[in-house]
Amino acid sequence: MGTDLHELLRTLRVWDTELPGFDPGAAPAEPLELFTRWLAEAAAAGQTEPHTMSLATVDEAGLPDVRTVMLHGADADGWSFATHAGSRKGRQLAARPQAALGFYWPAQGRQVRLRGPVTAAPPQEAQADLHARSTGALAAALVGRQSERLGSAGELADASEAAWERARREPDAPAPSWTLYRLRPDEVEFFQGDARRRHVRLAYRRAEQGWTTGLLWP
């Protein structure tokens with residue numbers, strides 16, 4: 001008989017490591033500076049793929065959806081990620097251009113949560129972003145048809161092989177449906193876990209001029 005799920009869950013531990021402290025009183029006035037610092041510290045602590053994040057959207061009926069994507073950048077214009085415009089998330093963002101992002105770095109017991117409106121960058125920016133990435137990233141974009149029904153694994157293998165060949169032959173090959181999106185957050189929350197469950201939650205909210213900050217109960 002397989003392992004009982006509830007027994008397995010009871011054996012698992014959270015943050016089985018020494019966690020860093022966090023003084024919210026010393027936090028910078030804008031969230032981007034703190035996010036950049038925490039991302040760098042997560043990478044230095046050995047966190048695997050610290051630049052991946054959960055992207056939550058809703059469809060036309062208001063039903064939620066979530067998946068893991070890669071952060072392509074963050075600046076004054078927002079946090080950016082990319083996908084095909086015709087993918088499920090692309091269609092959902094076209095219908096309801098609002099989203100939430102979630103980063104989780106268990107190596108340091110930290111989370112960062114953002115939500116706000118999403119806009120698509122100009123096509124030339126999306127193509128420049130794509131062509132600055134690896135051959136594999138371009139090949140995957142050239143395959144296209146993201147979220148469409150797949151007939152067989154062989155069909156994917158054939159399309160992928162052709163895309164890899166083209167990506168090697170034409171490193172500037174266009175992928176017209178590839179779209180760079182930017183989420184401009186209205187809210188950003190930084191969560192620092194604590195072994196005694198006295199977690200620190202610092203929330204930034206966008207104001208007319210700059211940001212306001214406040215603490216939240218854990």
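Please read these numbers as outputs of a predicted model, since none were measured by experiment.

1. A closer look at the overall build of the protein chain
So, step 1. Helix and strand counts for the protein chain stand at six helices and ten strands.
So, step 2. Oriented by its inertia axes, the alpha-carbon framework of the protein chain measures out at about 60 × 55 × 40 Å.
So, step 3. For the protein chain, the proportion of its 218 residues judged to be buried stands at 34%.
So, step 4. At a minimum sequence separation of 6, the contacts of the protein chain that also span at least 24 residues come to 63%.

2. As for the pattern of salt bridges
So, step 1. This structure, assessed with the given rule, holds 13 salt bridges.
So, step 2. With a shortest N-O distance of 3.7 Å, arginine 88 and aspartate 65 are connected by a salt bridge. Of this pair, arginine 88 sits in helix H3 (residues 88–95) while aspartate 65 sits in strand S2 (residues 64–70), and the two are 23 residues apart along the sequence.
So, step 3. Classification of arginine 88 as partly exposed rests on a relative accessible area of 46%.
So, step 4. It is possible to trace a salt-bridge network through shared partners that takes in Asp65, Arg67 and Arg88.

3. As for the side chain of arginine 67
So, step 1. Mapped onto the fold, arginine 67 is located in strand S2.
So, step 2. Within the structure, the side chain of arginine 67 is placed 2.9 Å from the side chain of threonine 57, a separation counted as a polar contact.
So, step 3. At a separation of 3.2 Å, a polar atom in the side chain of arginine 67 contacts the side chain of glutamine 92.
So, step 4. Ignoring any residue separated from it by four or fewer positions in sequence, one finds arginine 67 in contact with Met53, Ser54, Leu55, Ala56, Thr57, Arg88, Lys89 and Gln92.

4. Observations regarding the side chain of serine 80
So, step 1. On the secondary structure map, serine 80 appears in strand S4 (residues 78–84).
So, step 2. Classification of serine 80 by relative accessible area gives buried; the value is 7%.
So, step 3. Ignoring any residue separated from it by four or fewer positions in sequence, one finds serine 80 in contact with Met53, Met70, Leu71, His72, Gly73, Leu180, Tyr181 and Arg182.

5. A look at the pairing of strand S10 (residues 211–216)
So, step 1. As defined by bridge partners, strand S9 (residues 200–206) adjoins S10 across six bridges and the pair is classed as antiparallel. Within S10, the residue paired with leucine 202 across the bridge is leucine 215.
So, step 2. A loop of four residues connects S9 with S10, the two strands running antiparallel in sequence, and glycine 210 in this loop sits at a positive phi of about 80 degrees.

6. Side note on the environment of aspartate 172
So, step 1. Assignment of secondary structure puts aspartate 172 in the loop between helix H6 (153–169) and strand S7 (178–183).
So, step 2. Sequence separation between aspartate 172 and glutamine 108 is 64 residues, and the spatial gap between their C-alpha atoms is 39 Å.

7. Regarding a nonpolar patch on the surface
So, step 1. Taken together, the side chains of Leu5, Leu8, Leu9 and Leu12 make up a nonpolar region of the molecular surface, amounting to roughly 380 Å² of accessible area.
So, step 2. Among the secondary structure elements, leucine 8 is positioned in helix H1 (residues 5–11).
So, step 3. Residue leucine 8 is classed as partly exposed on the basis of its relative accessible area of 39%.

8. Looking at the packing of aromatic side chains
So, step 1. Counted by the stated rule, this structure contains ten aromatic pairs.
So, step 2. Look at phenylalanine 35 and tryptophan 79: their rings are 5.5 Å apart centre to centre, the planes differ by 75 degrees, and that puts the pair in the edge-to-face class. One end of the pair, phenylalanine 35, is in helix H2 (residues 31–44); the other, tryptophan 79, is in strand S4, and 44 residues separate them in sequence. We note that phenylalanine 35, like tryptophan 79, is buried.

9. Some remarks on the packing of helix H5 (residues 135–143) against H6
So, step 1. Two elements in contact, H5 and H6, have axes separated by 8 Å at closest approach and are oriented at 125 degrees. The orientation of H5 with respect to H6, classified from their angle, is oblique. Our pair here, H5 against H6, has a crossing hand that is right-handed. Contacts between H5 and H6 involve Thr135, Gly136, Leu138, Ala139, Leu142 and Val143 on the former and, on the latter, Leu156, Ala159, Ser160, Ala163, Trp164, Arg166, Ala167 and Arg168.

10. Comments concerning the nonpolar core
So, step 1. In this structure, Phe35, Phe81, Phe103, Val112, Leu114 and Phe190 are the most contacted members of the largest nonpolar core, which totals 26 residues.
So, step 2. Elements with a minimum of two residues in this core: H2, strand S1 (52–58), S4, strand S5 (98–105), strand S6 (110–120), S7, strand S8 (187–192) and S9.
So, step 3. Sequence-distant contacts of phenylalanine 190, defined by excluding residues within four places in its chain, comprise Pro31, Leu34, Phe35, Trp38, Gln111, Val112, Val200, Arg201, Leu202 and Tyr204.
So, step 4. Counting 14 residues, the second largest nonpolar core, distinct from the first, contains Leu138, Ala141, Leu142 and Ala167.

Calculation criteria
Residue positions are given per chain, counted from 1 along the sequence in the order it is written. Two thresholds apply to this predicted model, a pLDDT of at least 70 for residue-level local features and 80 or more for giving and counting side-chain atom pairs, whereas whole-chain, interface and lining totals are computed over all residues. Side-chain numbers here rest on the full set of heavy atoms in the structure, without hydrogens or water. A helix here means a DSSP run of H or I that spans at least four residues, while a strand means a run of E at least two residues long, and both kinds are numbered starting from the N terminus. For the exposure calls, accessible area comes from a 1.4 Å probe over protein chains only, and a residue counts as buried if that area is under 20% of its type's maximum, exposed if over 50%, partly exposed in between. The criterion used for residue contact is that any of the two residues' heavy atoms lie within 4.5 Å. Salt bridges are defined by distance alone: a side-chain nitrogen of Lys or Arg within 4 Å of a carboxyl oxygen of Asp or Glu. Within 3.5 Å is the distance limit for a polar contact, defined as a pair of N or O atoms, with the added protein rule that one can donate a hydrogen and the other accept it, and that residues adjacent in sequence qualify only through two side-chain atoms. Strand pairing is defined by DSSP finding a minimum of two bridges between the two strands. Patch membership is restricted to residues that have no salt bridge and whose relative accessible area is over 30%. Joining uses 9 Å for like charges and 5 Å for the nonpolar side chains Val, Leu, Ile, Met, Phe, Trp and Tyr. The Shrake-Rupley method, run with a 1.4 Å probe sphere, supplies the accessible areas, and residue values consider only the shown protein chains as cover. Here the aromatic set is Phe, Tyr and Trp, taking the six-membered ring for Trp, and pairing holds for ring centres within 6.5 Å; pairs whose planes are under 30 degrees apart are stacked, those over 60 apart are edge-to-face, and all others are tilted. Axis geometry follows a simple rule: fit a line to the C-alpha atoms, using only the stretch in contact for helices, then measure angles between N-to-C directions, giving values from 0 to 180 degrees. Roughly parallel covers angles under 35 degrees, roughly antiparallel covers those over 145, roughly perpendicular covers 65 to 115, and oblique covers all other angles. Handedness of a crossing is defined here by the sense of rotation of the near helix relative to the far one, left-handed for an anticlockwise turn of less than a right angle and right-handed for a clockwise turn. Only buried Ala, Val, Leu, Ile, Met, Phe, Trp, Tyr and Cys residues count toward a nonpolar core, and they belong to the same one when joined by side-chain atoms within 4.5 Å.

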